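# Secondary and tertiary structure notes
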Amino acid sequence: MTVAPAFAPVPPLAARARSVAGSPVRDILAVTARPEVINFAGGLPAPELFDAEGIAEAFRAVLAESPARALQYSTTEGEPALREALAARTSARGLATAADDILVTTGSQQALSLLATALLEPGDTVLVESPCYLAALQAFAFAGARIVPVPCDADGVDPGALEDLVVRERPKLLYTVPTFQNPTGRTMPAARRAAVAGVAARCGLWVVEDDPYGELRFEGERVPWIAAGEGAGDRVVLLGSFSKVMAPGLRLGWLRAPAALRRACAVAKQAADLHTPTVNQLAAARYLADRDLDAHVARVAGAYRRRRDAMLAGLPDALPEGAAWDRPEGGMFLWARLPESYDTTALLPEVVRHDVAYVPGAPFYAGAPDRSTLRLCFVTQTPEEIAEGLRRLGEGLRK
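I will try to describe carefully the structure that is included in this document.

Rules used throughout
- Residues numbered from 1 in each chain as written.
- Predicted model: local features only at pLDDT ≥ 70, side-chain atom pairs only at ≥ 80, totals over all residues.
- Heavy atoms only, no water.
- Helix = DSSP H or I, 4+ residues; strand = E, 2+ residues; numbered from the N terminus.
- Buried < 20%, exposed > 50% of the residue type's maximum accessible area, 1.4 Å probe, protein only.
- Contact = heavy atoms within 4.5 Å.
- Areas by Shrake-Rupley, 256 points an atom, 1.4 Å probe, with all protein chains shown as cover.
- Lys, Arg positive; Asp, Glu negative; His and termini not counted.
- Charge placed at Lys NZ, Arg CZ, Asp CG, Glu CD.
- Pairing = 2+ DSSP bridges.
- Polar contact = N/O pair within 3.5 Å; in protein donor to acceptor, adjacent residues only side chain to side chain.
- Expected span 1.5 Å × (residues − 1).

### Describing the overall build of the protein chain
Looking only at helices and strands, the protein chain has 14 helices and 15 strands in total. Referenced to the eigenvectors of the C-alpha coordinate spread, the extents of the protein chain come out at roughly 70 × 65 × 60 Å. For the protein chain, the proportion of its 399 residues judged to be buried stands at 54%. The contacts in the protein chain between residues at least 6 apart in sequence include a share of 74% that link residues at least 24 apart. Per element, the accessible surface of the protein chain, about 17,300 Å² overall, is 56% carbon and sulfur. The averaged location of the 47 negative side-chain charges in the protein chain is 3 Å from the averaged location of its 42 positive side-chain charges.

### Here's the deal with the pairing of strand 15 (residues 373-377)
Counting buried positions along strand 15 gives five out of five residues, so the element sits mostly inside the fold. Burial along strand 15 is two-sided: T373, R375 and C377 and L374 and L376, pointing in opposite directions, are all buried. In the sheet, strand 12 (residues 333-337) pairs with strand 15 via five bridges, with the strands oriented antiparallel. Following the sheet pairing, L334 is matched in strand 15 by L376. Judged from the two bridges that link them, strand 14 (residues 359-360) and strand 15 form a sheet pairing that is antiparallel. Bridge assignment links P360 to a residue of strand 15, and that residue is L374.

### Looking at the environment of S74
Note on placement: S74 falls in the loop between helix 4 (67-70) and helix 5 (80-92). For the pair S74 and A247, spaced 173 residues apart in sequence, the C-alpha separation works out to 21 Å. Aside from chain neighbours lying at most four places away, what touches S74 is E79, H275 and T278. One polar contact links S74 to E79, side chain to side chain, over a distance of 2.6 Å.

### So, helix 11 (residues 278-290)
Side chains that are three or four residues apart share a direction in an α-helix, a result of its 3.6 residues per turn. When the terminal C-alpha atoms of helix 11 are compared, their 18 Å separation across 13 residues agrees well with the 18 Å that a helix rising 1.5 Å per residue should span. Within helix 11, ten of the 13 residues are buried, which leaves the element mostly enclosed by the surrounding structure. For helix 11, the full list of buried residues reads T278, V279, N280, Q281, L282, A283, A284, A285, Y287 and L288.

Okay, structure coming up:
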């Protein structure tokens, strides 16, 4: 008689892997991948606006002229040519920066993970905007942080409430997207930024300033970074990315941080991936040398402005009476609040049956959510597709 061998169960996943949920946006995109769905749920740049030929030419040049270097391992901190170019662009925008101030990352999302590794112990407190960028909430939760929302208004973080929370909660850092915020699209005015920097200086606080959308401005004047403010140099980390202005598939981001923290992030990156792909970095540096990225971004922003305007024009007929929404001056997202009786999470399946999708607002909140809110991405579809999508949305929301 043969007895089947007994197998003991394998050890369980780490507690953090069991407790942190996946991205609701990714889940929605998987459900709404059908080509007939007009999808306002994603945060995807418009692919037809990529400078595909310019990027391809940069790769061809790099691989033809320096293939051994392009296909070899690189330094953890990043390719010198790219770091020099990034430092020059940052300095030209009002924040004096040297190449050694920058660490190249595999997308700015990796920068968040590295900062969480370098700064946070399990149980440490992190302050975030309310509502907040979803993937930042994931990164901090995965690090075991206790996440506390800061009250916000139309101008972003309330500095008085921020200072009260810093005194009471003793957080390690504040995470903010002050320009064309995800999900709300709002922009923090200069005076508010200075007040936030003042709280950080008085109370001892790291500020992580994430700026993936800042170059996508349609109207109004550029607002200086928090990192450029007086007294901010030793405590503000600035994150940037090529994902929204060049191409997300390159997975190129960077962080600008004080030396000790930057070195700690470099050590964390060595453990994560050794370095960001060399060929992508060299191609991006070549693109910056040979092409006019600013002119390309201006063309993209012009197209995005027309798409934003198409969405703003269609919202009054699409959303129920009593709804309210903001007018972003740039970026990719528009935030809307329906009457209190609406639950956008519960309504989403019915809306998807009309072949259109949005992201419910609830997952963006670290605290008690406003379930009547939703995020709409206006950049991926043409104005004509936006008009049709809003028509379908109106049908799906009718009670």
